[in-house]
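# Working through the structure, step by step
Here is what each chain is made of, one letter per residue.
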Amino acid sequence: MKALILAGGKGTRLRPLTVYTPKPVVPLMNRPFLLFQIELLAMAGITDITLSLSYQPDKIEDQLGDGAEYGVRLSYVTEPNPLGTGGAYKWAFAKEAETALVFNGDILTDFDLSAMIAAHRDKASDATIALTPVIDPSRYGLVETDKCGSVVRFLEKPNPEEIDRLGTNLINAGIYILEPTVLPLIATGENASFEYNVFPEILNRKMGFNSFSLDGSYWKDIGTPESYLTAQMDFLNGDITGSILPKSQNSEIATTAAVDDRSLIAEGCVIKPNAKIINSVLGPGVHVEEKAFIENSVIWAHSRISASADVRGSVICRSCHIGKNVVVGCGSVLGDKTSLPDYSKV
Ligand code: GDD
Ligand code: MG
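First things first, this report covers the structure right here in the doc.

Rules behind the numbers
Residues numbered from 1 in each chain as written. Chains lettered and ligands numbered in written order. Predicted model: local features only at pLDDT ≥ 70, side-chain atom pairs only at ≥ 80, totals over all residues. Heavy atoms only, no water. Helix = DSSP H or I, 4+ residues; strand = E, 2+ residues; numbered from the N terminus. Rg over C-alpha atoms; globule rule 2.2 N^0.38 Å. Buried < 20%, exposed > 50% of the residue type's maximum accessible area, 1.4 Å probe, protein only. Contact = heavy atoms within 4.5 Å. Areas by Shrake-Rupley, 256 points an atom, 1.4 Å probe, with all protein chains shown as cover. Pairing = 2+ DSSP bridges. Near = heavy atom within 4 Å. Polar contact = N/O pair within 3.5 Å; in protein donor to acceptor, adjacent residues only side chain to side chain. Nonpolar A, V, L, I, M, F, W, Y, C, P; charged D, E, K, R; others polar. Donors = N, O, S within 2.8 Å, 3.2 Å for Na, K, Ca; no water. Arc of directions from axis to C-beta. Axes fitted to C-alpha atoms, helices over the stretch in contact; angles between N-to-C directions. Parallel < 35°, antiparallel > 145°, perpendicular 65-115°, else oblique. Phe/Tyr/Trp six-rings, centres within 6.5 Å; stacked < 30°, edge-to-face > 60°. Core = buried A, V, L, I, M, F, W, Y, C linked by side-chain atoms within 4.5 Å.

This brings us to the overall build of the protein. Counting its regular elements, the protein contains 7 helices and 29 strands. Over its C-alpha trace the protein gives a radius of gyration of 22 Å, about what one expects of a compact globule, namely 20 Å for 346 residues. Principal-axis analysis of the C-alpha atoms places the extent of the protein at approximately 65 × 45 × 35 Å. The burial tally for the protein puts 54% of its 346 residues in the buried class. Here the analysis covers contacts within the protein between residues at least 6 apart in sequence; of these, 52% occur between residues at least 24 apart. Summed over its atoms, the accessible surface of the protein is roughly 14900 Å², and 49% of this surface lies on carbon and sulfur atoms.

Further remarks concern the pairing of strand β11 (residues 170-178). Here β11 lies mainly inside the structure; 8 of its 9 residues are buried. Note: strand β6 (residues 100-104) against β11, 4 bridges, orientation antiparallel. When the bridges of β11 are listed, V102 appears paired with Y176.

Before going further, it helps to spend a moment on the site of ligand 1. Residues in contact with ligand 1 amount to 28 residues; listed here are only the nearest, E79, G84, E156, N172 and E195. One of the side-chain N or O atoms of R13 is found 3.2 Å from an oxygen atom in ligand 1. Taking S52, its side chain carries an N or O atom lying 2.7 Å from a nitrogen atom of ligand 1. With the chains in place, 90% of the 730 Å² that ligand 1 exposes on its own is no longer accessible. Among the secondary structure elements, those contributing two or more residues to the shell around ligand 1 are α3 (84-93), β10 (151-156), β11 and β13 (219-221). Broken down by class, the residue content of the shell around ligand 1 amounts to 11 nonpolar, 9 polar and 8 charged.

Glancing now at the coordination of the magnesium ion (ligand 2). Surrounding the magnesium ion (ligand 2) are the protein donor atoms D106 (OD) and D221 (OD), which sit 2.1 to 2.4 Å from the metal. One end of the pair, D106, is in the loop between β6 and β7 (107-109); the other, D221, is in strand β13, and 115 residues separate them in sequence. An identical accessibility class is assigned to D106 and D221; each is buried.

Another aspect to go through is helix α6 (residues 194-204). Residues of α6 that are buried include every one of F194, E195, V198, F199 and I202, and no others. Seen end-on, α6 carries its buried residues on one side only, within an arc spanning 110°. Structural note: α6 exposes Y196 and N204 on the side pointing more than 90 degrees away from its buried face. Where α6 begins, one side-chain oxygen reaches toward the backbone nitrogen of E195, 3.1 Å away; that side chain belongs to S193. Looking one or two places after α6, you find K206, whose phi comes out positive at around 55°.

The subject of this paragraph is the packing of α3 against α6. The description of two helices packed together rests on the angle between their axes and the distance between the axes. Taken N-terminus to C-terminus, the directions of α3 and α6 make an angle of 70°; their axes are 7 Å apart at the nearest point. Considering the angle they form, α3 stands roughly perpendicular to α6. Residues T85, G86 and Y89 of α3 form the contact with α6, whose own contacting residues are F194, E195 and V198. Looking at the contact of α3 with α6 residue by residue, the class counts come to 3 nonpolar, 2 polar and 1 charged.

What follows concerns the sheet that holds strand β16 (residues 264-265). Taken in spatial order, the 5 strands of this open sheet run β16-β19-β22-β25-β28, and their pairing is parallel. Looking at which strands have only one partner, the edges of the open sheet turn out to be β16 and β28 (333-334). Direction of pairing for strand β25 (residues 315-316) relative to β28: parallel, over a ladder of 2 bridges. Looking across to β28, one finds that I316 is bridged to L334.

Here we take up the packing of aromatic side chains. What the rule picks out here adds up to 11 aromatic pairs. Their ring planes at 50° and their centres at 6.2 Å tell us that Y89 and F93 sit as a pair that is tilted. One end of the pair is Y89 and the other is F93, both in helix α3 and 4 residues apart, which spans about a single turn. With respect to class, Y89 is no different from F93; both count as buried.

Bringing the nonpolar core into the picture now. Within the largest apolar cluster, 62 residues are counted, with the highest numbers of intra-cluster contacts made by L28, L64 and L108. Sequence-distant contacts of L108, defined by excluding residues within four places in its chain, comprise L28, F33, F36, Y218, W219, K220, I222, A231, F235 and I240. By size, the runner-up hydrophobic cluster in this structure holds 26 residues, among which are L4, L6, V102 and V143.

Below is the structure:
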C-alpha cells in the first residue's frame with residue numbers, strides 16, 4: 001500500500017503562519033508538521049509516501065528531503081494548478097494499481113492506521129473513510145452511515161438544517177483508503193473534489209464505501225491558528241502520543257529563570273534571570289529577557305521577548321521583536337518579523 005498526503009492547499013485560514021511557511025512544514029512541537037503523519041504511516045508499515053503539492057513545493061521538499069532520515073521514501077508530485085483533493089489524487093496516482101492511503105495534510109492524530117487497513121481489507125471495500133465526532137460539524141464533511149458502517153450520505157460543509165436532519169456528529173476525519181477502482185471516476189488533469197464530486201459519485205454508483213471510527217484517538221485539523229495552538233497545548237498536556245524532540249541541552253537558562261517541566265525549549269535559546277515560562281513551546285534561538293513572562297504560547301525561531309513583556313495564549317512567528325513591557329494577550333497571532341514597540345498592548 002502506498003500513501004498520498006494532500007498538501008497542496010494554500011493554508012489561507014492559517015495565515016499569518018503560512019505567509020512564508022507552507023502549511024505542511026509549519027512547526028508543531030518544533031518539528032515540521034507533516035513529520036507526525038509520516039511517522040504514523042511508517043508505524044503502520046507504509047513507507048512509500050507521495051506528497052501532493054501545489055503551493056511553495058520547493059520549501060517543503062527542502063525541509064523533508066527524500067525521507068531516508070525518517071525511514072521512508074518520499075516523492076513529490078506538483079500539480080500545474082491546484083486540482084482539488086480528488087483531482088490531486090488522480091494526478092499523482094493515475095497509473096497506480098495499488099491501494100492508496102490518502103491523508104489530508106493538516107490532520108494531527110495518533111490513530112493506529114493498521115486497524116483501519118485491516119477493516120478495509122476484511123470488507124473488500126472500494127473506499128473506506130475514517131470518521132470522528134466533533135461538536136460543530138459545519139466546518140467539515142458530515143457522514144451518515146447505516147448500521148453496518150456503510151456510508152449512505154456525505155455532506156460537505158453542511159448547513160444547520162442539514163446537521164439537524166442527519167442527526168449525527170460524525171465527520172470525515174480526512175483519512176481514506178482507496179482502491180484503484182475509484183480512479184476512473186475522476187478525469188485526469190481536471191479539478192475534482194473528493195468531498196463534492198468523488199464521494200457522492202461512489203455512493204451514486206453503489207460501490208463499496210465503508211467507514212471506520214477513530215474511536216477515542218486524538219484528532220484535530222490544525223488548519224486555523226486557534227487549533228494549531230490548541231494542538232500543542234494538548235501535546236504538552238500528554239493528550240496525544242507522538243515523537244517530541246528532547247528538551248535542548250544547548251540553551252542558556254539563567255538559574256533564577258523559571259521554566260516549568262512541560263515547556264519545550266529548542267536549542268540555542270537564551271532565557272535571562274527571573275524570566276518565567278509556563279506550558280509553552282520555544283523554537284530555536286528564541287531570546288527571553290529579564291522578568292519576561294510567557295504562558296500557554298508558541299514562539300517560533302529567533303524571536304525576542306524583551307524584559308518584563310507578558311505573553312499569554314499566543315502564537316508568535318519567526319524573528320519577531322516584542323519590546324519591553326509589551327502585553328500580548330490571549331488569542332494574538334503575530335506573523336514573521338512583527339515588531340512591537342515597548343509598552344504596546346495587543
Ligand atoms: N494537492 C492538493 N491540491 N491538495 C489540496 C488541494 C489541491 O487542490 N486542495 C486542498 N488540498 C489539501 C489541503 O492542503 C489539505 O491538506 C487537505 O487537502 C484538505 O483541504 P482543506 O482546505 O484543509 O479542507 P477542509 O479542512 O476545509 O475540509 C476537509 O478536511 C476535513 C477534516 O479536517 C474535508 O475533507 C472535510 O470533509 C473534512 O471533514
Ligand atoms: Mg483542513
